Amino acid sequence: MKAEDWTQATRRDAERHLLTTALRQLEFDEIKVRLARSATSSLGAALAEDVLPLSNAESIGEALAETSEMRLLIDEESLPMGGISDIGPA
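Numbering of residues starts from 1 in every chain and runs along the sequence as written. Per-residue local features of the predicted model are confined to residues with pLDDT of at least 70, and side-chain atom pairs are confined, for both listing and counting, to 80 or more; whole-chain, interface and lining totals are unaffected and use all residues. Only hydrogens and water are removed before side-chain values are computed, so all heavy atoms of the structure are retained for them.

Some remarks on the overall build of the chain
What counts is decided by this rule: Put simply, DSSP marks the helices as runs of H or I at least four residues long and the strands as runs of E at least two long, and each gets a number from the N terminus on. Residue-level accessible areas treat just the shown protein chains as cover; the underlying method is Shrake-Rupley with a 1.4 Å probe.
When helices and strands are tallied, the chain shows 4 helices and 0 strands. Along the chain, helices (α) and strands (β) appear in the sequence α-α-α-α when read from the amino end. Working note: accessible area of the chain is about 7,900 Å², and carbon and sulfur atoms make up 58% of it.

Here you go:
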């Protein structure tokens, strides 16, 4: 293995370790469990269980904008959330 390849592999391992450590300290798994419990459908719960943190500034901005828009719709009660049923396979 070339020294450059070894350095890149080592850097990736270190970054993966830092991310894993940070997510554990932030109790990210517990956040996902709580999010899944608050879902109104099994499809929503499955999506919550699979959620991953974003690391790209553009993706984070888009997700925050979507969240703000959804929060506004819910607060204005213009998007009824009651009676949601699963549309996935039985």
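More follows now that the structure is in view.
So, the packing of helix α2 (residues 28-38) against helix α3 (residues 42-50)
Heads up, the condition is: Throughout, an axis means a line fitted to C-alpha atoms (over the contacting stretch in the case of helices), and angles, computed between N-to-C directions, take values from 0 to 180 degrees. The labels follow the angle: roughly parallel below 35 degrees, roughly antiparallel above 145, roughly perpendicular from 65 to 115, and oblique for the rest. The criterion used for residue contact is that any of the two residues' heavy atoms lie within 4.5 Å. Put simply, Ala, Val, Leu, Ile, Met, Phe, Trp, Tyr, Cys and Pro go in the nonpolar bin, Asp, Glu, Lys and Arg in the charged bin, and everything else, Gly too, in the polar bin.
α3 packs onto α2 with a crossing angle of 170° between their chain directions and a minimal axis gap of 8 Å. On the basis of the axis angle, α2 is roughly antiparallel to α3. Residues Lys32, Leu35 and Ala36 of α2 pack against Ala45, Ala48 and Glu49 of α3. Partitioning the contact of α2 with α3 into residue classes produces 4 nonpolar, no polar and 2 charged.

A few points about the layout of surface pockets
Our working rule: In this analysis the probe radius is 1.4 Å and the grid spacing 1 Å, with only protein atoms considered; a cavity is a set of points the probe fits into but cannot get out of, a pocket is an open set with protein on both sides within 12 Å along at least five of seven lines, and lining residues have an atom within 4 Å of a point. Grid points are joined across faces, edges and corners, and a volume is the space filled by probe spheres set on the points.
There is about 150 Å³ of room inside the second largest pocket. Lining the second largest pocket are Leu54, Ile60, Ala63, Leu64 and Thr67. Across the lining of the second largest pocket, the residue classes break down as 4 nonpolar, 1 polar and no charged.

Concerning the confidence of the model for the chain
This is how the line gets drawn: Every residue carries a pLDDT, the predictor's confidence in it, which falls somewhere between 0 and 100.
When the pLDDT values of the chain are averaged, the result is 86; 87% of them are 70 or greater. α2 holds the highest mean pLDDT among the elements of the chain, 94, whereas helix α1 (residues 3-25) holds the lowest, 87.

A short note on a nonpolar patch on the surface
We count it as follows: Only residues whose relative accessible area exceeds 30% and that take part in no salt bridge are eligible for patches, with like-charged residues grouped when within 9 Å of each other and nonpolar side chains (Val, Leu, Ile, Met, Phe, Trp, Tyr) grouped when within 5 Å. For salt bridges, the criterion is a side-chain nitrogen of Lys or Arg within 4 Å of an Asp or Glu carboxyl oxygen.
A cluster of nonpolar side chains, namely Leu43, Leu47 and Ile87, defines an oily patch on the protein surface of about 350 Å² accessible area. With respect to the secondary-structure elements, Leu47 resides in helix α3.

Concerning the pattern of salt bridges
To keep it simple, the criterion reads: Only protein chains enter the accessibility calculation, which uses a 1.4 Å probe; a residue whose area is less than 20% of its type maximum is buried, one above 50% is exposed, and one in between is partly exposed.
A complete count under the given rule lists 3 salt bridges for this structure. Note that Arg34 and Glu30 form a salt bridge whose closest N and O atoms lie 3.0 Å from each other. Here Arg34 pairs with Glu30, and both are found in helix α2, just 4 residues apart, close to one helical turn. Judged by relative accessible area, Arg34 falls into the exposed class, the value being 55%. The class of Glu30 is partly exposed, set by a relative accessible area of 31%. Put simply, Arg71 and Asp75 hold a salt bridge, and the shortest N to O gap is 3.0 Å. You can see Arg71 and its partner Asp75 sitting in helix α4 (residues 57-75), 4 residues apart, about one turn around the helix. The exposure class assigned to Arg71 is partly exposed, which follows from its relative accessible area of 46%.

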